[in-house]
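The residues making up each chain are set out below.
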Amino acid sequence: MKSLIFAGSSLDDLRNFPDEARRAAGFELRAIQNGLDPSDWKPVQTIGKGVKEIRIHVLGEWRVIYIARFREAVYVLHAFQKKSRKTSRQDIELARQRYGQIGGKP
């Protein structure tokens with residue numbers, strides 16, 4: 001099982017999700033650690049190669065952006081509440097910056 005590494009404030013951000021959404025995110029992250037896909041996800045190529053977004057639909061819309069293509073760990077780049085149909089530019093830029101910090105190349 002791969003370890004989980006949280007970039008920047010992503011762990012604190014995830015901890016601020018409502019209990020049900022946080023539990024759902026934890027379940028999905030555990031599946032990813034074990035080499036499985038989450039139940040609801042999509043690729044986010046605008047951030048970087050191999051970056052994916054877990055979509056959680058509990059008490060609102062929540063997102064966890066991660067990358068699992070590195071052998072050593074699953075990196076959680078960003079966790080946030082999605083408040084509009086389109087992901088905000090600020091959320092994308094923050095995840096892209098953290099992707100670069102872990103050595104990802106666009």
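Residues numbered from 1 in each chain as written. Predicted model: local features only at pLDDT ≥ 70, side-chain atom pairs only at ≥ 80, totals over all residues. Heavy atoms only, no water.

A word on the nonpolar core. In terms of nonpolar packing, the biggest core is built from 14 residues, with Leu-14, Phe-17, Leu-29, Ile-32, Ile-54, Ile-56 and Val-64 touching the most fellow members. Among the secondary structure elements, those contributing two or more residues to this core are helix H2 (19-33), strand S3 (51-56), strand S4 (61-67) and strand S5 (73-82). Broken down by element, the residue count for this core peaks at 4 residues, all from H2. Ignoring anything within four residues of it in the chain, the contact list for Val-64 reads Leu-14, Phe-17, Ala-25, Leu-29, Lys-52, Glu-53, Ile-54, Ile-56, Val-76, His-78 and Ala-79. (Core = buried A, V, L, I, M, F, W, Y, C linked by side-chain atoms within 4.5 Å. Buried < 20%, exposed > 50% of the residue type's maximum accessible area, 1.4 Å probe, protein only. Helix = DSSP H or I, 4+ residues; strand = E, 2+ residues; numbered from the N terminus. Contact = heavy atoms within 4.5 Å.)

Moving on to the sheet that holds strand S2 (residues 41-43). Strand order in the open sheet made by the 5 strands is S1-S5-S4-S3-S2, with mixed pairing throughout. The open sheet is flanked by strand S1 (3-6) and S2, the only strands paired with a single partner. Each adjacent strand pair in this sheet contributes to an overall mean axis angle of 30°, direction not counted. Where S4 and S5 come together, 7 bridges link them in antiparallel fashion. Paired with Ile-67 across the strands is Tyr-75, a residue of S5. Lying over the sheet, helix H3 (residues 89-101) contacts S3, S4 and S5, oriented at roughly 165° with respect to S5. (Pairing = 2+ DSSP bridges. Axes fitted to C-alpha atoms, helices over the stretch in contact; angles between N-to-C directions.)

What follows is about unusual backbone geometry. One non-glycine residue, Leu-59, lies in the positive phi region at around 55°. Leu-59 gets classed as exposed once you look at its relative accessible area, which sits at 56%.

Time to look at the packing of aromatic side chains. A complete count under the given rule lists 2 aromatic pairs for this structure. Note on Phe-17 and Trp-62: the rings are 4.7 Å apart at their centroids and 40° apart in plane angle, and the pair reads as tilted. Linking Phe-17 in the loop between helix H1 (10-15) and H2 with Trp-62 in strand S4, this pair joins segments that are 45 residues apart in sequence. Exposure class is identical for Phe-17 and Trp-62. Each is buried. Between Phe-70 and Tyr-75 the ring centres are 5.7 Å apart and the planes differ by 90°, which places this aromatic pair in the edge-to-face class. Side by side, Phe-70 and Tyr-75 carry an identical accessibility label, which is buried. The ring of Trp-41 has Lys-52 sitting right over it, with the charged end atom 4.4 Å from the ring centre. (Phe/Tyr/Trp six-rings, centres within 6.5 Å; stacked < 30°, edge-to-face > 60°. Lys NZ or Arg CZ within 6 Å of the ring centre and 35° of its normal.)

Turning our attention to the environment of Ile-47. With respect to the helices and strands, the residue Ile-47 is situated in the loop between S2 and S3. Residue class for Ile-47 comes out buried when judged on its relative accessible area of 2%. Each C-alpha atom, one on Ile-47 and one on Glu-72, is 20 Å from the other, the two residues being 25 residues apart in sequence. When near neighbours in sequence (up to four residues on either side) are disregarded, Ile-47 contacts Ile-65, Leu-77, Ile-92, Ala-95, Arg-96 and Tyr-99.

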